[in-house]
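Each chain is listed here by its residues.
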Amino acid sequence: MREKLKKIRLLLLDVDGVMTDGRIIYNNQGMETKAFDVKDGHGLKMLQRAGIQIGIITGRQSEVVSFRAAELGIDILYQGAKDKLIPYQEILLTHGLTDEEIAYVGDDVIDIPILRRVGFAATVADAVEDVKPYVQYVTRRDGGRGAVREVCDLLLKETGLWETTADRYFS
């Protein structure tokens, strides 16, 4: 697994069920809200500081996701993707990347086509069971509850980048 992780230059994420716990909450005006784990966000920022890009491909369209992506400095954002391979292939071309240089975290059957192609495929503990045979790593934590941070820490530690990003907190 370490050799696969050393090649990663971009981490792509699904949103609902990965960055969030999958629940969609509407207020009485029909406005959508989502909850994101702050530790997941910090893990993503640590990856960015280590030189690994972050991107999002989600099947839904949500202003909340646009806001969170902007807050985290995530420029690669595709929403409303019913066929996630279309934006995935665009990302490969636009950024000059190969499948082996991409890690992806997804939690449902719509994610399987990408999970089958990437250099490192992961899912969350509470993912749809049909997804798990297609990944190299299943997090111990559920989506929206630290699963993204777990993947970030794994990438940083297994590639030797942990020290370059975490040292500033320990010194």
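I will try to describe carefully the structure that is included in this document.

1. Notes on the overall build of the protein
Alright, step 1. Helix and strand counts for the protein stand at 7 helices and 8 strands.
Alright, step 2. For 171 residues, the compact-globule estimate of 2.2 N^0.38 gives 16 Å, and the protein sits close to it at 15 Å.
Alright, step 3. Projected onto its principal axes, the C-alpha positions of the protein cover 45 × 35 × 30 Å.
Alright, step 4. The burial tally for the protein puts 50% of its 171 residues in the buried class.
Alright, step 5. Taking the contacts inside the protein whose residues are at least 6 apart along the sequence as the reference set, 56% of them involve residues at least 24 apart.
Alright, step 6. A total of about 8500 Å² of accessible surface is found on the protein, and carbon and sulfur atoms cover 51% of it.
Alright, step 7. Taking the 23 positively charged and 27 negatively charged side chains of the protein as two groups, their mean positions are separated by 4 Å.

2. A few points about the packing of helix H2 (residues 38-49) against helix H6 (residues 147-158)
Alright, step 1. In contact at an axis separation of 7 Å, H2 and H6 are set at 25 degrees when each is read in the N-to-C sense. Regarding the angle of H2 to H6, the classification is roughly parallel. Regarding H2 and H6, the two cross each other, and that crossing is left-handed. For the pair H2 and H6, contact is made by Lys39, Asp40, His42, Gly43, Leu44, Met46 and Leu47 and by Ala147, Val148, Arg149, Cys152, Leu155 and Leu156, respectively.
Alright, step 2. Among the residues forming the contact of H2 with H6, the class breakdown is 8 nonpolar, 2 polar and 3 charged.

3. Thoughts on the sheet that holds strand S6 (residues 102-105)
Alright, step 1. A sheet is described by the order of its strands in space; here 6 strands give the open sequence S5-S4-S1-S6-S7-S8, paired in parallel fashion. Strand pairing shows two members of the sheet lacking a second neighbour, strand S5 (76-78) and strand S8 (137-138), which therefore form its edges.
Alright, step 2. Relative to strand S7 (residues 120-123), S6 runs parallel, the two sharing 3 bridges. Counted as the bridge partner of tyrosine 104 is alanine 121 from S7.
Alright, step 3. Against the sheet, helix H4 (residues 85-95) contacts strand S1 (10-13), strand S4 (53-57), S5 and S6, and its axis sits at roughly 155 degrees relative to S5.

4. Examining helix H3 (residues 63-72)
Alright, step 1. Taken as a whole, H3 has its buried residues at Val65, Arg68, Ala69 and Leu72. One side of H3 carries all its buried residues, which in axial view fall inside an arc of 100 degrees. Across from the buried face of H3, at angles greater than 90 degrees, the exposed residues are Glu63, Phe67 and Ala70.
Alright, step 2. Contacts from the buried residues of H3 go to H2, S4 and S5.
Alright, step 3. N-capping of H3 is provided by serine 62, with a side-chain oxygen placed 3.2 Å from the backbone N of valine 64.
Alright, step 4. At the C-terminal side of H3, glycine 73 shows a positive phi close to 70 degrees.

Analysis parameters
- Residues numbered from 1 in each chain as written.
- Predicted model: local features only at pLDDT ≥ 70, side-chain atom pairs only at ≥ 80, totals over all residues.
- Heavy atoms only, no water.
- Helix = DSSP H or I, 4+ residues; strand = E, 2+ residues; numbered from the N terminus.
- Rg over C-alpha atoms; globule rule 2.2 N^0.38 Å.
- Buried < 20%, exposed > 50% of the residue type's maximum accessible area, 1.4 Å probe, protein only.
- Contact = heavy atoms within 4.5 Å.
- Areas by Shrake-Rupley, 256 points an atom, 1.4 Å probe, with all protein chains shown as cover.
- Lys, Arg positive; Asp, Glu negative; His and termini not counted.
- Charge placed at Lys NZ, Arg CZ, Asp CG, Glu CD.
- Axes fitted to C-alpha atoms, helices over the stretch in contact; angles between N-to-C directions.
- Parallel < 35°, antiparallel > 145°, perpendicular 65-115°, else oblique.
- Left-handed = near helix turned anticlockwise from the far one by under 90°.
- Nonpolar A, V, L, I, M, F, W, Y, C, P; charged D, E, K, R; others polar.
- Pairing = 2+ DSSP bridges.
- Arc of directions from axis to C-beta.
- Polar contact = N/O pair within 3.5 Å; in protein donor to acceptor, adjacent residues only side chain to side chain.

Nothing here speaks to function; it is geometry throughout.
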